[in-house]
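Each chain, written out:
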Amino acid sequence: MTSTDMRTEAEDSGPSGYAAARLRLLQEGARSGPPRRAALAELTDDWLTGLFTAGSEGLRGVSLVAVGGYGRGELSPRSDLDLLLLHDGSDSGAVAALADRIWYPVWDLGLALDHSVRTPAEARKTAGEDLKVQLGLLDARHLAGDLGLTAGLRTAVLADWRNQAPKRLPELQELCAERAERQGELQYLLEPDLKEARGGLRDATALRAVAASWLADAPREGLADARRRLLDVRDALHLTTGRATDRLALQEQDQVAAELGLLDADTLLRQVYEAARVVSYASDVTWREVGRVLRSRAVRPRLRAMLGGGAKPAAERSPLAEGVVEMDGEVVLARAARPERDHVLPLRAAAAAAQAGLPLSLHAVRRMAAAARPLPTPWPAEAREQLVTLLGSGRPTIEVWEALEAEGLITRLLPDWERVRCRPQRNAVHIWTVDRHLIETAVRASELARRVGRPDLLLIASLLHDIGKGWPGDHSVAGEIIARDVAARIGFDRADVAVLATLVRHHLLLIDTATRRDLEDPATVRSVAEAVGSQGTLELLHALTEADALATGPAAWSSWRGSLVADLVKRVSAVLAGDAPEEPEDVAPTAEQERLAIEAFRTGGPVLALRAQTESVDADAGPTSDDPEPLGVELLIAVPDQPGVLPAVAGVLAMHRLTVRTAELRALDLPDGVGQVEGSVLLLNWRVAAEYGSLPQAARLRADLVRALDGSLDITARLAERDAAYPRRRGTIAPPPRVTVASAASRHATVIEVRAHDAPGLLHRIGRALEDANVRVRSMHVSTLGANAVDAFYVTGTKGAPLPGEEAASVARALEETLRA
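Everything numeric in this text was worked out from a predicted model, so none of it was measured. (Residues numbered from 1 in each chain as written. Predicted model: local features only at pLDDT ≥ 70, side-chain atom pairs only at ≥ 80, totals over all residues. Heavy atoms only, no water.)

A. Fine view of the sheet that holds strand S6 (residues 324-327). In spatial order, the strands read S5-S6-S7; together these three strands make up an open sheet with antiparallel pairing. Both edges of this open sheet fall to strand S5 (317-321) and strand S7 (330-333), since each of them pairs with a single strand only. Geometrically, the sheet is characterised by an average inter-axis angle of 40 degrees between neighbouring strands, direction not taken into account. With four bridges joining them, S6 and S7 adopt antiparallel strand pairing. The residue of S7 that forms the bridge with Val325 is Val332. (Pairing = 2+ DSSP bridges. Helix = DSSP H or I, 4+ residues; strand = E, 2+ residues; numbered from the N terminus. Axes fitted to C-alpha atoms, helices over the stretch in contact; angles between N-to-C directions.)

Take a look at the structure:
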């Protein structure tokens, strides 16, 4: 039977004819989705129009209006009918009788009805008092009666909405936030409410309302398809349950999947999650734009007054990294940025945004997605460092990651991510999809970064530990294979790849052993020690275990479980105690280092040498082998041994906005030709890179270093002035610094380990604190892993001997207090 035949039957036979035609339409297997919803709305329009016409003979100034979802022409099998009987107020009694002739047949069929009878003035007044009513009227559609009456109301309601947008939109945003808090996020729930949860149909409707205000508009790519998919799932849910429900319960998911022709319930949930993710991201971008516009409108009159009615000032752009700036509360690309040439730019921009706690602008992400070139294999060092920085930025990482993922940049960087993307976890303990769980684990791991010597490996292992869940079989076994491949591709060396593979393969080992095995049995502890292999890997695995459990859900971690794991780690550490680190042996200086040392001793002042470091990349994956990838600049400095060298050099570099990636300091004794020591020179070997812009000239660095050493340049004051003038934004509070004394690490010196958030001037502050403690830095080994500094200082007393135990602990405490201040 055609749609025309159905409408004819509905009109000829009254309520029973409509019910029969409706039933046949819903049972048609050939018609589903938007065509069926539109056909159902059209069939209902014809029936209600017939009821209105039959009851309104001789009555003027009345119209029947569909509002809400029915007004949009989107009727699911069990949708409410949202109707407004609009009248001019001239004959209230006749209008009431007409309402009865329409409402009662609807009720007789058992259909849900949301109805009202109002004049245009009453409708506008109610809309002004009730936001939900106003939202429904934005979708008003004429069904029957006085078309002019309906058109007048539509025009007035839209004008009211646009005029009142600065007041009503924040109210709507608050309503959406309250609903999200109450219902949760659709893209992660195992039994989601398709309508009310964040990212559901209510949010899609809110985005339409924002667009109608003309104040801002949602990103349209993919939004209509996401909304259609959610409506299709709701249709199938109504048909399989026979109820007007929007909650996709576990026991009904297989039937709903079958109704939609999908493979299984997991495929269904994944499609729902993907659609919800599109709506959620569009909501984030849209509400951010609304806030920006409203702030601009609030500030503009004051600016005009201050400027005497002059031109609008240009938005301030504050540099964050090379090619990346902050503007108007978002991270955007600098005018000189060239994403088509700079293949590390997406990761650099993302890391800068997360570190600053700012969102990536939609335009910037889309521009990078459209122009970005694939990274070479293996990745250049900067790309790997930026990924680690992004993962280690704490809670802001999530929003930035989602922005990259929305435009396909994550799967372009990490193709294996596609298998875990939006993958549900049918386990009551897990509260996230697999991909979100991995990011949550990295966020939790960033809070534990001070507990490990290699926070970069901890963060990458957190990102990859469940990557095998996209493959059949034991996900730990599959994940080990994937982790090896990914780690090698992003540029880790063979030893680090082996550690990451071990962490992924055994990420459940500690928690499973601690809670299921007898820890008093030496065989149990030995088996764990054999699997782990080293103290460093054990340290990482302990932190990964805790981060994984905390990111799983509240039921996965407790103080009891934590104490069991800590006990196991202590026992395993005792077995592995033979691996305690020893001070690295001194390496003979190179010819260039000797030359610089002799020159520094001869002139009595610092001598500098700058040398670019590069690595070649795969020609098939990006630049040719003739286009080397810069790793930074090697800075060699030789200075006659004297107090204050470390804080002076570190301060000068910070003053020139140079980021220290690695640094080593050593003392070199110069012979006098007859076997006696003529003098001592400090050699500093640093790898540095400019935060943005070009590197300063070596002559300028040397001039400032000379002034810093003779006291004519107050570095501390200069750094404080710059920080006051250009405060650095932090998106989250970094874990506090941790300073420890590594017992038995060296026979010749006391080893003080510093783990802290990398920041401009950090080495300068450490150097000053050690100088104030009256200790001598014999050598040091500094590395920056993402946003984490992991530094070891080999110090002695004034007579060249290791510090006594209590004195070493006191120095460590004082240094930690200085860094926390």
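B. Representation of the pairing of strand S2 (residues 81-87) within the structure. Of all seven residues that make up S2, seven are buried, and the element is covered over most of its length. Along S2, one buried face is formed by Leu81, Leu83, Leu85 and His87 and the opposite face, lined by Asp82, Leu84 and Leu86, is buried too. Pairing of strand S1 (residues 62-66) with S2 involves five bridges; the strand directions are antiparallel. If you follow Val65 over to S2, its bridge partner there is Leu84. (Buried < 20%, exposed > 50% of the residue type's maximum accessible area, 1.4 Å probe, protein only.)

C. View of the packing of helix H23 (residues 522-532) against helix H25 (residues 559-575). Where H23 meets H25, the closest approach of the two axes is 9 Å, and the angle between their N-to-C directions is 70 degrees. Taken together, the axes of H23 and H25 lie roughly perpendicular to each other. Between H23 and H25, the residues in contact are Val525, Val528 and Ala529 and Leu568, Arg571, Val572 and Val575, respectively. In terms of residue class, the contact of H23 with H25 is built from six nonpolar, no polar and one charged. (Parallel < 35°, antiparallel > 145°, perpendicular 65-115°, else oblique. Contact = heavy atoms within 4.5 Å. Nonpolar A, V, L, I, M, F, W, Y, C, P; charged D, E, K, R; others polar.)

D. Helix H27 (residues 645-655), seen in detail. Counting buried residues along H27, 11 of its 11 residues qualify, which places the element largely inside the surrounding structure. Three or more residues of H27 are buried, namely Val645, Leu646, Pro647, Ala648, Val649, Ala650, Gly651, Val652, Leu653, Ala654 and Met655. Arg657 sits one or two residues past H27 and shows a positive phi near 55 degrees.

E. Broad picture of the pattern of salt bridges. Counted under the stated rule, the structure contains 54 salt bridges. One salt bridge in this structure joins Asp139 and Arg208, with 3.0 Å as the shortest N-O distance. A residue pair is termed long-range when its members are at least 10 positions apart, and Asp139 in the loop between helix H6 (131-137) and strand S4 (141-145) and Arg208 in helix H9 (residues 201-212) qualify at 69 residues. The exposure class assigned to Asp139 is buried, which follows from its relative accessible area of 12%. For Arg208, a relative accessible area of 40% puts it in the partly exposed group. The salt bridge partner of Arg366 is Glu221, with a shortest N-O separation of 3.1 Å. Of this pair, Arg366 sits in helix H14 (residues 362-371) while Glu221 sits in the loop between H9 and helix H10 (223-241); the two residues are 145 residues apart in sequence, bridging distant segments of the chain. Accessibility expressed as a relative area gives 24% for Arg366, which makes it partly exposed. Among the residues examined, Glu221 registers a relative accessible area of 58% and is labelled exposed. (Salt bridge = Lys/Arg side-chain N within 4 Å of Asp/Glu carboxyl O.)

F. Expanded view of the environment of Arg718. Tracing the sequence through the fold places Arg718 in helix H29 (residues 715-725). Of the residues examined, Arg718 reaches a relative accessible area of 38% and is grouped as partly exposed. Put simply, Arg718 and Gly651 are 67 residues apart on the chain and 9.3 Å apart in space, counted from C-alpha to C-alpha. Beyond its immediate stretch of four places on either side in the chain, Arg718 contacts Met655 and Leu713.

G. Geometry of the side chain of Arg450. Following the sequence through the fold, Arg450 ends up in the loop between helix H18 (434-446) and helix H19 (455-464). With no salt bridge to any partner, buried Arg450 finds its closest opposite charge in Glu816, at an N-O distance of 9.1 Å. Side-chain polar atoms of Arg450 contact the side chain of Asn788, separated by 2.7 Å. When sequence neighbours within four positions are dropped, the list of residues in contact with Arg450 reads Ala734, Pro735, Pro736, Pro737, Arg738, Arg755, Ala756, His757 and Asn788. (Lys, Arg positive; Asp, Glu negative; His and termini not counted. Polar contact = N/O pair within 3.5 Å; in protein donor to acceptor, adjacent residues only side chain to side chain.)

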